[in-house]
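If you want the building blocks of each chain, they are given just below.
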There are 4 protein chains.
Amino acid sequence: MADVTIWNEFRHERERDEVATVYPDGIHATLADALDDHEVTTATLDEPDHGLPPEVLETTDVLLWWGHTAHEEVSDAVVDRVRSRVLEGMGLIVLHSGHYSTVFKRLMGTTCSLQWREDGRAERLWVVDPGHPIADGLEESIELPETEMYGEPFDVPEPDRLVFVSWFEGGEVFRSGCCYRRGSGRIFYFRPGHETYPIYEDDAVRRVLRNAVDWAAPTDGSPRTFGERP
Amino acid sequence: MADVTIWNEFRHERERDEVATVYPDGIHATLADALDDHEVTTATLDEPDHGLPPEVLETTDVLLWWGHTAHEEVSDAVVDRVRSRVLEGMGLIVLHSGHYSTVFKRLMGTTCSLQWREDGRAERLWVVDPGHPIADGLEESIELPETEMYGEPFDVPEPDRLVFVSWFEGGEVFRSGCCYRRGSGRIFYFRPGHETYPIYEDDAVRRVLRNAVDWAAPTDGSPRTFGERP
Amino acid sequence: MADVTIWNEFRHERERDEVATVYPDGIHATLADALDDHEVTTATLDEPDHGLPPEVLETTDVLLWWGHTAHEEVSDAVVDRVRSRVLEGMGLIVLHSGHYSTVFKRLMGTTCSLQWREDGRAERLWVVDPGHPIADGLEESIELPETEMYGEPFDVPEPDRLVFVSWFEGGEVFRSGCCYRRGSGRIFYFRPGHETYPIYEDDAVRRVLRNAVDWAAPTDGSPRTFGERP
Amino acid sequence: MADVTIWNEFRHERERDEVATVYPDGIHATLADALDDHEVTTATLDEPDHGLPPEVLETTDVLLWWGHTAHEEVSDAVVDRVRSRVLEGMGLIVLHSGHYSTVFKRLMGTTCSLQWREDGRAERLWVVDPGHPIADGLEESIELPETEMYGEPFDVPEPDRLVFVSWFEGGEVFRSGCCYRRGSGRIFYFRPGHETYPIYEDDAVRRVLRNAVDWAAPTDGSPRTFGERP
């Protein structure tokens with residue numbers, strides 16, 4: 001059981017009725033429900049320190065990140081703090097539009113840009129790495145009947161491991177499940193998610209989230225010693 | 001300009017009329033035409049040594065491999081010779097059903113299995129690594145109106161670089177352009193190709209083949225010294 | 001707790017007194033002692049089926065492999081069986097001179113050659129990936145006062161992750177801890193070990209072996225479905 | 001022949017006599033001499049725009065970067081400009097203490113920290129990837145009689161390819177030649193170099209620099225299209 005912190009921008013849900021209908025308590029509440037076999041806390045943009053003061057991050061094993069319209073409102077101090085904790089070993093799961101979050105872009109070093117289209121048609125996530133722990137218990141693919149489309153090229157470093165590739169009914173593909181290590185921390189980017197499609201209610205998606213938390217949680221680790229040796 | 005040898009099983013074309021119609025002089029002849037800015041020779045299964053005696057391989061910079069129904073008729077001696085030359089630095093481009101060739105399986109170490117279906121519907125190859133030399137001069141995707149479907153999971157080692165991901169009209173995806181280094185040699189697996197669809201007449205596919213030859217050709221290399229040091 | 005099978009060639013110990021002195025019950029017995037928090041069985045070359053009949057491999061989570069002088073006496077049937085089980089998800093830990101075992105060479109696809117020298121001087125294994133689970137609980141390096149030297153170039157595919165790099169007093173370096181995935185299985189090559197230096201009595205080496213078993217053991221996995229889809 | 005720009009902080013040489021003795025015209029002048037088969041220009045920190053206005057970077061194929069004591073004096077505007085050009089396809093070669101440059105840290109996403117010691121003893125760089133173009137024409141190792149020591153752990157993402165590993169007489173190892181792709185650009189980090197040891201006069205080091213420029217120079221590339229599709 002890991003200490004999980006779910007971070008959500010939490011603006012859409014308060015500002016747009018069609019989002020509030022799908023996620024009445026916020027996307028973070030739905031994600032928390034999906035991860036209820038862990039010790040879960042939530043944090044949102046408009047709390048002091050965006051809900052991520054040092055004492056929260058210090059005790060977080062895995063942080064989930066959902067943001068969309070207010071990436072630039074996240075303070076540099078919090079971005080630096082999150083990034084440092086990842087390098088020290090905290091797991092990070094970046095969801096959907098979080099590809100453009102400052103935290104993810106800073107850890108990747110690239111633009112993290114992609115193509116997209118409001119679409120509403122089907123997505124099928126193929127498991128291309130069936131032996132990966134994040135794919136435990138899944139069928140050979142996950143079907144989502146209505147999604148927003150994300151298309152290649154996705155400007156990220158070549159993933160250490162690629163777990164999912166999405167097929168979109170409209171004709172595109174996307175590397176939808178990408179694993180990275182940075183410093184001592186594990187990072188998983190997972191494409192599915194949207195503010196008006198109820199993606200995080202899907203059982204297979206929830207299974208992926210649970211698997212990803214298990215995978216990203218730090219093991220005991222060894223002391224990292226840097227700088228000049230005595 | 002590289003010394004290119006194109007190896008073709010060359011059975012379908014002589015045994016089935018519908019293949020002979022598409023590739024009257026053999027798939028190797030069409031591939032040779034696509035690569036005519038290089039010094040090209042061809043070799044086929046039913047020649048002595050399958051057309052690949054030591055003196056041919058010694059002077060080959062890049063070998064292309066097309067096989068389908070007779071993988072097990074390729075002699076161990078030739079498989080060993082090809083594999084050794086790749087480890088020494090010869091480039092290898094494995095095409096379509098060549099994923100099940102003994103040469104490719106021996107170099108990969110895995111089963112190289114995949115899903116497939118005679119299909120006849122469209123494939124679109126997306127460039128997921130636009131900065132890669134094998135993608136030089138291409139549009140963002142390559143459209144093939146009628147193809148056989150290959151689907152994930154494709155049981156190969158994680159590619160060093162993934163250049164193309166295919167979208168299939170029937171609902172599948174596939175890692176269609178995979179780069180590997182083994183020993184000093186570069187290996188490129190390229191999915192498109194079939195005995196009855198005229199895939200190797202397509203201009204974009206031919207551009208990929210030329211780019212791949214340029215990429216796979218050995219540079220000068222440094223002497224490899226192995227074994228016990230004096 | 002994993003089901004661990006330790007395979008040892010077990011010839012040196014019975015044929016040479018100076019080896020019997022260090023490993024009186026065989027290297028496998030010492031390795032079994034190091035892993036006694038797991039369910040351990042041992043197998044050796046001269047047993048029927050080399051001690052690895054199908055029913056043993058079926059229930060093995062992680063297989064350790066130590067061989068040196070009789071790689072070519074391991075039957076093709078057993079090599080195929082081990083390789084298949086790895087691709088299905090069994091972990092494999094290849095030790096020291098096992099780099100030249102047929103099992104390892106078949107899974108890597110390369111020659112796995114290296115430089116070596118009977119040496120008797122010091123080796124220091126630096127942890128280059130302190131966040132990796134195989135490095136859990138280690139200091140920044142492991143010191144072995146007397147070892148055989150293995151030097152680069154080591155002809156293996158680029159490791160998925162490199163955990164240790166060795167420094168040798170005589171002037172060489174070596175990639176001593178290399179992680180791979182092949183099919184659903186995890187493979188770890190670990191350089192230390194020798195028949196006359198008591199390497200497997202070292203506490204830090206034993207910690208690495210335990211960590212590696214934990215890392216290589218399969219998670220639940222998902223069903224792998226290959227071949228033509230219905 | 002590539003358009004090469006060599007960037008040097010150029011402070012040590014003007015402030016400390018023992019540096020001026022080794023590099024009287026600046027480290028950039030010595031590097032320019034090593035690369036004189038290319039079209040070379042130089043740029044330094046104290047020039048306007050640090051010598052890297054947009055029109056210079058637009059026409060640069062490969063940029064070399066040497067900095068040490070004034071990383072934080074490089075303006076954000078120039079860092080952003082360099083990084084953008086790398087993502088667009090410009091090659092980048094980061095030398096020695098440039099591991100702590102803002103440009104490199106921004107592209108890597110990690111701290112890029114390491115251990116170090118003023119040492120003055122020998123370093124030997126082993127070629128661990130003899131088939132890599134950056135190793136063309138080299139012996140199996142490069143010997144540098146007097147160097148500063150850099151030791152692991154080096155906090156960088158796992159390199160796409162590792163070409164050199166250094167052995168240090170004092171007991172350390174280091175991943176001294178690391179290849180990365182970010183966006184369309186190739187990045188090579190090369191450890192050797194120091195302000196008072198005449199490392200860049202060494203013939204083998206100069207060969208590496210020339211090879212690295214050839215490797216990092218962009219090929220024609222394909223158009224990168226990002227953002228919403230029409």
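Going along each chain's sequence as written, the residues are numbered from 1 onward. Just so you know, chain letters begin at A and ligand numbers begin at 1, following the order they were written in. A pLDDT threshold of at least 70 governs which residues receive local features in this predicted model, and a stricter bar of 80 or more applies before side-chain atom pairs are shown or counted, although totals over entire chains, interfaces and linings include all residues. As a rule here, side-chain values cover all heavy atoms of the structure and leave hydrogens and water aside.

### Notes on the UniProt feature "domain: ThuA-like" (unreviewed entry) in chain A
Thought 1: UniProt positions are given in the numbering used here, feature names are shortened, and annotations may be inferred rather than shown by experiment. Within this numbering scheme, the UniProt entry marks residues 4–216 of chain A as carrying the feature "domain: ThuA-like" (unreviewed entry).
Thought 2: A run of H or I in DSSP counts as a helix once it spans at least four residues, and a run of E counts as a strand once it spans at least two, with each numbered from the N terminus. Its end C-alpha atoms 11 Å apart, residues 4–216 of chain A is made of 27% helix and 32% strand.

### With respect to helix H7 (residues 203–216) of chain D
All names here are of chain D.
Thought 1: For H7, built from 14 residues, the straight-helix expectation of 20 Å at 1.5 Å per residue is met to within 8% by its first-to-last C-alpha distance of 20 Å.
Thought 2: Three or more residues of H7 are buried, namely Val205, Arg206, Val208, Leu209, Asn211, Ala212, Val213, Trp215 and Ala216.
Thought 3: Polar contacts here mean pairs of N or O atoms no more than 3.5 Å apart (in protein, one a potential hydrogen donor and the other a potential acceptor; neighbouring residues in sequence count only if both atoms are side-chain atoms). N-cap assignment for H7: the residue whose side-chain oxygen lies 2.9 Å from the backbone N of alanine 204 is aspartate 202. By definition here, a helix of n residues has an expected span of 1.5 Å times n minus one. Three labels apply to residues, based on accessible area from a 1.4 Å probe with only protein chains included: buried if under 20% of the type maximum, exposed if over 50%, partly exposed otherwise in between.

### Brief notes about empty space enclosed by the protein
Thought 1: Two kinds of site are reported from a 1 Å grid over the protein atoms alone, namely cavities, where a 1.4 Å probe fits but cannot get out, and pockets, open sets with protein on both sides within 12 Å along at least five of seven lines, and residues are called lining when an atom falls within 4 Å of a point. Grid points are joined across faces, edges and corners, and a volume is the space filled by probe spheres set on the points. Across all of its chains, the model carries 12 cavities of 30 Å³ or more by this definition.
Thought 2: Taken as a whole, the largest cavity spans an internal volume of roughly 420 Å³.
Thought 3: Contributions of two or more residues to the lining of the largest cavity are made by strand E8 (173–182) of chain B together with strand E8 (173–182) of chain D.
Thought 4: Residue polarity follows a fixed list, in which Ala, Val, Leu, Ile, Met, Phe, Trp, Tyr, Cys and Pro are nonpolar, Asp, Glu, Lys and Arg are charged, and the others, Gly among them, are polar. Of the residues in the lining of the largest cavity, the class split is 10 nonpolar, no polar and 15 charged.

### Observations concerning the pairing of strand E9 (residues 185–190) of chain B
Consecutive side chains of a regular strand alternate in pointing toward one face of the sheet and then the other.
Residue and element names in this part refer to chain B.
Thought 1: Most of E9 sits inside the fold, with six of its six residues counted as buried.
Thought 2: Neither face of E9 is left uncovered, since the one carrying Gly185, Ile187 and Tyr189 and the one carrying Arg186, Phe188 and Phe190 both have all their residues buried.
Thought 3: Any two strands are treated as partners once DSSP identifies two or more bridges connecting them. Note that strand E4 (residues 91–95) and E9 share four bridges and pair parallel. Along E9, the bridge assignment pairs isoleucine 93 with phenylalanine 188.
Thought 4: By the bridge criterion, six bridges tie E8 to E9 in an arrangement that is antiparallel.

### Regarding the sheet that holds strand E7 (residues 161–168) of chain D
Residue and element names in this part refer to chain D.
Thought 1: On the basis of which strands lie adjacent, the open sheet formed by nine strands has the order E2-E1-E3-E4-E9-E8-E7-E5-E6 and mixed pairing. Strands at the two margins of the open sheet, each flanked by one partner only, are strand E2 (39–44) and strand E6 (141–151). Adjacent strand axes in the sheet meet at a mean angle of 25° when their direction is disregarded.
Thought 2: Judged from the five bridges that link them, strand E5 (residues 115–127) and E7 form a sheet pairing that is antiparallel. Along E7, the bridge assignment pairs arginine 124 with tryptophan 167. As a rule, the C-alpha atoms of each element are fitted with a line to give its axis, helices using only the stretch in contact, and angles between N-to-C directions run from 0 to 180 degrees.

### Focus: the sheet that holds strand E6 (residues 141–151) of chain A
Residues and elements named next belong to chain A.
Thought 1: Read from one edge of the open sheet, nine strands run E2-E1-E3-E4-E9-E8-E7-E5-E6, paired in mixed fashion. The open sheet has two edge strands, strand E2 (39–44) and E6, and neither has a second partner. The sheet shows a mean angle of 25° between the axes of neighbouring strands, taken without regard to direction.
Thought 2: Only heavy atoms matter for contacts: two residues are in contact if any of them lie within 4.5 Å across the pair. Against the sheet, helix H3 (residues 27–34) makes contact with strand E1 (3–8), E2, strand E3 (62–66) and strand E4 (91–95), and its axis sits at roughly 155° relative to E1, the strand it touches most.
Thought 3: Contacting E3, E4, strand E8 (173–182) and strand E9 (185–190), helix H5 (residues 76–88) runs over the sheet at an angle of about 115° to E9.

### Digging into the side chain of glutamine 115 of chain B
Residues and elements named next belong to chain B.
Thought 1: By secondary structure assignment, the location of glutamine 115 is in strand E5 (residues 115–127).
Thought 2: Given a relative accessible area of 3%, glutamine 115 falls into the buried group.
Thought 3: In terms of polar contacts, glutamine 115 uses its side chain to reach the backbone carbonyl oxygen of glutamate 152, at 2.7 Å.

### Here we look at the packing of H3 of chain A against helix H7 (residues 203–216) of chain A
Residue and element names in this part refer to chain A.
Thought 1: Contact geometry of H3 with H7 gives a least axis separation of 9 Å together with a crossing angle of 75°. With respect to H7, the element H3 is oriented roughly perpendicular. On the side of H3, the interface is formed by Thr30, Leu31, Asp33 and Ala34, while H7 contributes Arg206, Leu209 and Arg210.
Thought 2: Residue composition of the contact of H3 with H7, grouped by class: three nonpolar, one polar and three charged. To sort the angles, those under 35 degrees are grouped as roughly parallel, those over 145 as roughly antiparallel, those from 65 to 115 as roughly perpendicular, and the leftovers as oblique.

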